[in-house]
Amino acid sequence: MRSSLPYSVKDVHYDNAKFRQRSYFKVMTQNLLTGSRKRDYLSCSTGKFLVLLLIFGLAYLLLTSTTPGDFVPNRLDKVSENNQKGEFKSNGGINFRNLWRKPPRLPPRLPPDEKGSNTSYHIDPNTLISESLWISRQQKVKDAFIHAWSGYKRYAMGHDELMPLSQQGTDGLGGLGATVVDALDTAMIMGASDIVSEAGSWVEKHLLDRIKEKGQVNLFETTIRVLGGLLSAYHLRAGEYGKTFENEGPTPAAYLETAKNLADRLLSAFTSSPTAIPLCDVVLRDSSAHAAPGGLSSTSEVSTLQLEFNYLSTISGDPKYSIAAMKVLEHMKSLPKLEGLVPIYISPDSGQFSGETIRLGSRGDSYYEYLLKVWLQKGARENHNLTYLHDMYEEAMKGVKHLLVRKSVPNGLVFVGELPYGSSEAISPKMDHLVCFLPGTLALGATKGISKEEAMKKSLLSFEDLENLNLAEDLAKTCFEMYEVTATGLAPEIVYFHTEEYSEGGHDGGNKNAKYIDDIIIKPPDRHNLLRPETVESLFVLYRITGDPKYRAWGWQIFEAFERHTKVNTGGYTSLDDVTTVPPRRRDKMETFFLGETLKYLYLLFGDNSTIPLDKYVFNTEAHPLPIETNIQK
């Protein structure tokens, strides 16, 4: 919690002084001396006579009226005590002074009511709670993580994911035990020693053999989840968290060697491609690679590998990983774009974008995220060779605001739509939950990870930065309302928005009391919830940057909804088929990112800002924190 409210007691004292009563004598004499008709009255004998009569009358009232009790509202509690009904009381007699003017206005309340502004500090009573309560709520998130791990360990240890309802494991990500690696740094950050020991020991005993024996894996998913998880675990184990877990799991070197072995095999996706754009699938056991059916790669997938490969080069001393990954972004710099926006497919054969579909949801999202984060990782302003990344990011955000940002009707929610056929046809008011990464990215891009307050003091924010920060707050509200409108309190995978051009009835979220129920459309195929992290990710970043407690309150509300509707008593959490009905239909799947991202961001949201500070770390798109290079101890 902030140490002081945004509207302080000092401000109230100042406002009280503005509203304090002046004496009637000062009022009358000031009006007399400054009035526009002063010269007219004093220029004739009648006017002079009336002025003298007025002076004698006032003197008479002073001598004959009873002295009233003092009323100086120096504190709000004195106003309440002496004037509960808005009446002015005297010690006796008639207080003639009250006949000469209206009662003064009451000073502003503390805090002021600023409802209706997405960027204001509207303080809900539920957020005015002690830091100790947030610590207890953080502990509840840790308990949820332990419960999720307990189900995975009991029924699916070594498999990629848990099916909590049927109590078995599944290997949809190549069979590398993705949940183990995804959850490892979360356990370290939470201080869950038993899980650190169990997960670390499994990695040490089994993962290297799995990497050597397994077949096809997806380059992107394996990089962000497994390689990213290993590298984050290496850093935390070797650095600030090392002493805590020196007796749990392997040494840092074991994590690094496993990461290098995996990355060496993943490099075949780059070396097998005729262009700088890597192929999307890798066969690990023979280090070969091939394109996806149809030959195209996802734009977001090929441009969301650089944080991980860059950091591996830094700590291993071998530049080959970074060189291969950075060639992708260098190549994309030269490709034609629509106001900085790019299609969601790209061809490894030609190196060109394919199709016209532009969106910040699936297959497009993390391209924009990594433009900013790679620039930050490499030292931002200190690395002039990568200025082009920040330029591409800024151009893209201008394109988003110009081409994709719209408002819903009737209540004006700000959303980011799609261009299914490029600029040749109208925007679609469709927004994936995946787009909810954008508020956090916009806020991070505005302040570069420091608080807004600090950035303002140092005059580091441009007009563009402030505009992006305001958009971030507006979009975060929209993302939260995607949860608020449903019967379960959990967001669907995709929503549409009512606009002046687009309307479709009969598909609301089920919460009839929600303010924005008429703005948001949830179609039957899109009503599932996969335990995704994007909204709580942005709430975490915005709370760190703005200090606004509403983001914590929203995060807690979302966490409680997960607890109510997705928790499985025998262990683990499950995805949902339909968030618009209660009880919801359940899917039999606990995604790895629920442990790796969703619960991690909630835990950090409720904790101290000094844990994984945003000006010293960048989170990869799977929430694995990697250090900014200027902060790496060499």
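Residues numbered from 1 in each chain as written. Predicted model: local features only at pLDDT ≥ 70, side-chain atom pairs only at ≥ 80, totals over all residues. Heavy atoms only, no water.

Colleague: Let's hear about the sheet that holds strand E6 (residues 297–298): which residues, and what values?
Modeller: A sheet is described by the order of its strands in space; here three strands give the open sequence E6-E7-E8, paired in antiparallel fashion. Every other strand in the sheet has two partners, leaving E6 and strand E8 (353–354) as the edge strands with one partner each. Here E6 runs beside strand E7 (residues 345–346); their pairing, made up of two bridges, is antiparallel. Paired with Ser-297 across the bridge in E7 is Ile-346. (Pairing = 2+ DSSP bridges. Helix = DSSP H or I, 4+ residues; strand = E, 2+ residues; numbered from the N terminus.)

Colleague: Now, about the packing of helix H19 (residues 463–484) against helix H21 (residues 550–566): what can you tell me, with residues and values included?
Modeller: One can describe the packing of H19 onto H21 by two numbers: an axis separation of 11 Å at closest approach and a directional angle of 25°. Judged by the inter-axis angle, H19 sits roughly parallel to H21. The two elements H19 and H21 meet at a crossing, and its hand is left-handed. Of the residues in H21, those touching H19 at Glu-473, Ala-476, Lys-477, Phe-480, Tyr-483 and Glu-484 are Lys-550, Tyr-551, Trp-554, Gln-557 and Ile-558. Of the residues in the contact of H19 with H21, the class split is six nonpolar, one polar and four charged. (Axes fitted to C-alpha atoms, helices over the stretch in contact; angles between N-to-C directions. Parallel < 35°, antiparallel > 145°, perpendicular 65-115°, else oblique. Left-handed = near helix turned anticlockwise from the far one by under 90°. Contact = heavy atoms within 4.5 Å. Nonpolar A, V, L, I, M, F, W, Y, C, P; charged D, E, K, R; others polar.)

Colleague: Residues and numbers for the sheet that holds strand E3 (residues 216–218), please.
Modeller: The strand order E3-E4-E5 describes an open sheet built from three strands, whose pairing is antiparallel. A single partner strand is all that each edge strand has here, and the edge strands are E3 and strand E5 (288–290). Neighbour to neighbour, the strand axes of the sheet diverge by 30° on average, direction disregarded. Across three bridges, strand E4 (residues 281–283) lies against E5 in antiparallel orientation. Considered in E5, the bridge of Val-282 is made with Ala-289.

Colleague: Account for the packing of aromatic side chains, with residues named and values stated.
Modeller: Across all of its chains, the model carries 16 aromatic pairs by this definition. Between Tyr-573 and Phe-594, the aromatic rings sit 5.0 Å apart at their centres with planes inclined by 45°, giving tilted as the arrangement. Of the two residues, Tyr-573 sits in the loop between H21 and helix H22 (592–605) while Phe-594 sits in helix H22, which places them 21 residues apart along the sequence. For the residue pair Tyr-573 and Phe-594, the accessibility class agrees, reading buried in each case. In this structure an aromatic cluster arises from ring pairing among Trp-134, Trp-556, Phe-559 and Phe-606. Here the basic side chain of Arg-137 rests over the ring of Trp-134, its NZ or CZ set 4.9 Å away from the ring centre. When the ring centre of Tyr-496 is taken as reference, the NZ or CZ atom of Lys-523 above it lies at 4.0 Å. (Phe/Tyr/Trp six-rings, centres within 6.5 Å; stacked < 30°, edge-to-face > 60°. Buried < 20%, exposed > 50% of the residue type's maximum accessible area, 1.4 Å probe, protein only. Lys NZ or Arg CZ within 6 Å of the ring centre and 35° of its normal.)

Colleague: Can you explain the environment of Glu-395? Please cite residues and give values.
Modeller: Note on placement: Glu-395 falls in helix H16 (residues 387–404). Separated by 57 residues in sequence, Glu-395 and Leu-338 have C-alpha atoms that sit 9.7 Å apart. Glu-395 has contacts with Glu-339 and Gly-340, leaving out every residue within four places of it along the chain.

Colleague: Which residues make up H16, and what are the values?
Modeller: With 18 residues, H16 ought to run about 26 Å at 1.5 Å a step, and its terminal C-alpha atoms sit 25 Å apart, in line with that. Listed as buried for H16 are Tyr-388, Leu-389, His-390, Met-392, Tyr-393, Ala-396, Met-397, Gly-399, Val-400, Leu-403 and Leu-404. Check the buried side of H16 and you find it contacts helix H14 (320–333), helix H15 (365–377), strand E9 (405–407), strand E10 (414–416) and helix H17 (438–447). (Expected span 1.5 Å × (residues − 1).)

Colleague: Please set out the confidence of the model for the chain residue by residue, giving values where relevant.
Modeller: A residue-level look at the chain finds 80% of positions with pLDDT of 70 or above and a mean pLDDT of 86. Low pLDDT (under 50) marks residues 1–28, which in the prediction has 50 contacts with non-local residues, meaning those over four places away or in another chain. In this model residues 66–94 is a low-confidence stretch, pLDDT under 50, and it forms 39 contacts with partners more than four residues away in sequence or in other chains. (pLDDT = per-residue confidence, 0-100.)

Colleague: Hey, could you go over the pairing of strand E13 (residues 494–497) for me, with residue numbers and the actual values?
Modeller: The side-chain alternation of E13 yields two buried faces, one formed by Ile-494 and Tyr-496 and the other by Val-495 and Phe-497. Taken together, the three bridges between strand E12 (residues 430–432) and E13 define a ladder with antiparallel strand orientation. Counted as the bridge partner of Lys-430 is Tyr-496 from E13. Here two bridges tie E13 to strand E14 (residues 520–521), and the two strands are oriented antiparallel to one another. For Tyr-496, the partnering residue across the bridge sits in E14 and is Ile-521.

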